Amino acid sequence: MLKIVIDTAGDLPEGWKETYNIDMIPINIIHEGKTYLQGIDISYEDFYQMVEEKGAIPSTSQPTPYQFTEFYNQIANKDDQILSIHVTEKLSGTMDSANQAAKELKNELNITPFDSASGTLMMGMMAKEARVMDQNGKSLSEIIERLKRIRDQHRLVFTIDTLKFARMSGRIKHLQAALASLLKVKPIIELKKGMLEMGEKVRSRTKSIDLLLNKMEKTFGDQRIMVGIVYARDKQSGVDLLQRVIERFNCEEAILTELSISLAAHFGPGTLGLGAYPVGD
């Protein structure tokens, strides 16, 4: 059996975990010396309330190699294959932990770690694509080749509504140099080749959302695409953007999900993200 794993820097729409049999290893959320596991003992609302009450951003850390070995042993046996899809290694040590665990367990379990070069909903969409291919009888090597094409062809862009979280967070080092002079703008942030890059800077949320759509149209035109919207503590804005996407693009499927705590800790509430990739052959 093929076991499909993602870490919780990835996001799944409601019901996908069960429908597509996807296992999730939690990112560690650390606050005042206590470690919480996303989806187990801390919810999205718990996280936002914690920030509001304490005025500080909890830190995040990747699962340790030990946590990975324990997790893999829990979900699989020696006859299974494990495809373990993770957040870009350029922003997190999660892939390194997965690789260390895979090496340690190489005589016990068949584990293939895969760097998504991305995060959030793109990881969830990759996991779903892998499961559908598995259900259609495709081999692990064929699935990995497809995921590599998605990795090369996808585009993921965000707009941040408030820079408060980014300023309090010490983890988005790629943005810090620009933050001080951008406190009154809505920056566009894009994940390119696994790295966060600051894009255009506009003065209104409306213009920033328009920019997300324009970037996607420039990239994909009228291609048939898989597309997803991610939101942070502002579901209605996510729903509104989803409707615009459906009306504007040639969508094979359009999904909506909430931004993981590990990214919300740096991007903050009001963040909207838009990700897409072309439909396969």
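Up top you'll find the structure we're talking about.
Residues numbered from 1 in each chain as written. Predicted model: local features only at pLDDT ≥ 70, side-chain atom pairs only at ≥ 80, totals over all residues. Heavy atoms only, no water.

Now for the pairing of strand 12 (residues 250-258). Where strand 11 (residues 224-231) and strand 12 come together, eight bridges link them in parallel fashion. Its bridge partner being in strand 12, Arg 224 is matched across the sheet by Asn 250. Handedness of the crossover joining strand 11 and strand 12 through helix 10 (residues 235-248): right-handed. (Pairing = 2+ DSSP bridges. Helix = DSSP H or I, 4+ residues; strand = E, 2+ residues; numbered from the N terminus. Right-handed = clockwise from strand over helix to strand, strands pointing away.)

Here we have four strands laid out as an open sheet, ordered 2-1-6-7, and parallel in their pairing. Across the chains shown, the open sheet's two edge strands, defined by having one partner strand only, are strand 2 (22-25) and strand 7 (110-115). Adjacent strand axes in the sheet meet at a mean angle of 25 degrees when their direction is disregarded. Summarising the sheet, strand 1 (residues 2-7) and strand 6 (residues 81-86) pair through five bridges and their orientation is parallel. In the sheet register, Lys 3 faces strand 6, and the bridge partner there is Ile 82. Each of strand 1, strand 2, strand 6 and strand 7 touches helix 3 (residues 65-75); the most contacted strand, strand 2, lies at about 155 degrees to it. (Axes fitted to C-alpha atoms, helices over the stretch in contact; angles between N-to-C directions. Contact = heavy atoms within 4.5 Å.)

It is the contact of helix 9 (residues 205-220) with helix 10, at a shortest axis distance of 12 Å, that shows an interaxial angle of 35 degrees. Note on packing geometry: the crossing formed by helix 9 with helix 10 is right-handed. For the pair helix 9 and helix 10, contact is made by Arg 205, Ile 209, Asp 210, Leu 213, Asn 214 and Glu 217 and by Ser 237, Leu 241, Arg 244, Val 245 and Arg 248, respectively. When grouped by side-chain class, the residues that make up the contact of helix 9 with helix 10 number four nonpolar, two polar and five charged. (Left-handed = near helix turned anticlockwise from the far one by under 90°. Nonpolar A, V, L, I, M, F, W, Y, C, P; charged D, E, K, R; others polar.)

A few words on the pattern of salt bridges. In the structure shown here, the tally under the stated rule is 14 salt bridges. A salt bridge links Lys 148 to Glu 145; its shortest N-O distance comes to 3.5 Å. Separated by three residues within a single helix, Lys 148 and Glu 145 lie in helix 6 (residues 140-153), roughly one turn from each other. The partly exposed category is assigned to Glu 145, whose relative accessible area is 40%. (Salt bridge = Lys/Arg side-chain N within 4 Å of Asp/Glu carboxyl O. Buried < 20%, exposed > 50% of the residue type's maximum accessible area, 1.4 Å probe, protein only.)

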